[in-house]
Amino acid sequence: MDIRFEKNTILKEKPDFEHLGFGKYFTDHMFVMNYDDHHWHDARIVPYAPITMDPASMVFHYAQETFEGLKAYKTEKNEILLFRPEMNAWRMMNSNQRLCMPLISENDFIEAVEALVRIEKDWIPSKKGTSLYIRPFMFANEAGVGVHASESYQFVIIASPSASYYKNGLEPVKIYVEDEYVRAVIGGTGNIKCGGNYASSIIAQSKAKQLGCDQVLWLDGIERKYVEEVGTMNVMFVIDNIVYTAPLSGSILPGITRDSILHILKDQQVEVKEEKIDIHFLMEAAHDGRLSEAFGCGTAALITPIGELLYKKQNIVINNHQTGHITRLLYDILSSIQWGESEDPYGWTRKVK
Ligand SMILES: *Cc1c(COP(=O)(O)O)cnc(C)c1O
């Protein structure tokens with residue numbers, strides 16, 4: 001792929017890398033590529049700037065939009081690592097297929113990400129826990145308000161130096177179990193990454209906030225009985241030393257962190273059950289003291305311990321609000337691979353040269 005580079009003549013002042021927050025600052029450049037007449041063209045890295053669009057652009061009306069999220073990590077030796085970027089490329093193809101949008105090959109996807117990361121390498125913070133969060137996204141930009149697949153699209157990648165998603169790192173959060181609204185049903189779009197999924201979930205998130213919780217635990221869309229995901233993360237529970245997580249049945253996002261954790265657990269000889277988890281089974285296990293740990297997992301926060309669940313006015317505390325043994329072990333193993341502190345026995349990291 002030919003990528004034209006137009007250097008920004010006015011470089012921004014870098015933010016304080018000690019106080020980055022998540023997704024607040026953006027680098028000097030962005031990757032852009034257009035799709036018209038059945039092909040991608042004009043791949044370029046240009047100054048980060050607003051995008052001008054026709055008000056009739058289809059994405060504004062019918063939400064043909066998909067996205068991805070991955071990170072570039074800087075190691076102590078100043079090397080730059082990506083974590084399983086081919087999985088993001090494949091997931092985006094899958095998302096695009098579902099929304100009738102054009103595909104980008106694994107090679108082109110990774111080449112575009114790497115080209116931007118190389119140019120913005122001084123924006124990658126190096127302290128453990130911090131990284132350059134990379135956000136590729138694609139949207140329909142044909143002008144017209146008839147409902148059909150757009151004929152033209154734009155693919156953009158922006159990047160944001162970020163600290164860990166939660167201010168306090170591995171600090172257990174309080175989760176509200178949502179029993180009114182649902183996130184996804186089988187046959188819908190819950191198993192792909194598209195903006196529309198989030199538009200409909202924000203109402204539950206604000207409900208959770210009002211009740212003093214940090215995130216929402218979603219139940220299945222039919223019976224509101226089986227545990228699916230937590231906010232923007234997959235979720236796992238440790239009951240009687242067995243790790244439970246929902247199977248990829250079609251309404252769950254196939255997380256790359258989830259997949260990596262399942263590999264690690266197998267190697268650590270921890271028993272895993274990928275099966276439907278009944279919320280009543282979970283509450284009962286909590287009451288009996290058998291639910292010893294719970295955590296969310298995803299690229300943004302990596303691992304988020306869950307210290308408390310609120311379900312229909314019942315409050316349960318997990319592991320006395322402490323981060324559990326398996327939760328911490330997984331965080332240590334995964335984070336040391338991602339920040340290049342330990343060997344990567346899985347071949348998951350990819351050096352950006
Ligand atoms: C992105 C996302 C995840 C986590 O996926 P990772 O690949 O691990 O970052 C989980 N659930 C939802 C709904 C997501 O959008």
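Residues numbered from 1 in each chain as written. Predicted model: local features only at pLDDT ≥ 70, side-chain atom pairs only at ≥ 80, totals over all residues. Heavy atoms only, no water.

Colleague: Explain the domain arrangement of the chain here, please?
Modeller: How big an interface is tends to be stated in terms of accessible area lost as the parts join. Each domain of the chain was delimited in the assignment, giving domain 1 (4-162) and domain 2 (173-338). Taking only C-alpha atoms into account, the centre of domain 1 sits 27 Å from that of domain 2. With 20 residues of domain 1 at the interface, the matching set in domain 2 holds 21 residues. In total, about 1,900 Å² of surface goes out of reach between domain 1 and domain 2, with carbon and sulfur atoms giving 60% of it. If you sort the residues of domain 1 by the area they bury against domain 2, F67, F83 and R91 come out on top, with a joint share of 32%. Applying the counting criterion to the domain 1 and domain 2 interface returns one salt bridge. When the shortest N-O distance is used, the salt bridge between R84 and D259 registers 2.9 Å. (Domains from an automatic or database assignment. Contact = heavy atoms within 4.5 Å. Buried area = accessible area lost by both parts, 1.4 Å probe. Salt bridge = Lys/Arg side-chain N within 4 Å of Asp/Glu carboxyl O.)

Colleague: Teacher, can you tell me more about the site of the ligand here?
Modeller: In the vicinity of the ligand there are 14 residues, among which K193, Y198, E229, T257 and T299 approach most closely. Residue R91 places a side-chain N or O atom 2.8 Å away from an oxygen atom belonging to the ligand. At 2.6 Å from an oxygen atom of the ligand is found a side-chain nitrogen or oxygen belonging to T299. In isolation the ligand has 380 Å² of accessible area, and contact with the protein removes 96% of it. Contributions of two or more residues to the shell around the ligand are made by strand 12 (233-239) and helix 6 (256-267). Tallied by class, residues from the shell around the ligand come to four nonpolar, six polar and four charged. (Near = heavy atom within 4 Å. Polar contact = N/O pair within 3.5 Å; in protein donor to acceptor, adjacent residues only side chain to side chain. Areas by Shrake-Rupley, 256 points an atom, 1.4 Å probe, with all protein chains shown as cover. Helix = DSSP H or I, 4+ residues; strand = E, 2+ residues; numbered from the N terminus. Nonpolar A, V, L, I, M, F, W, Y, C, P; charged D, E, K, R; others polar.)

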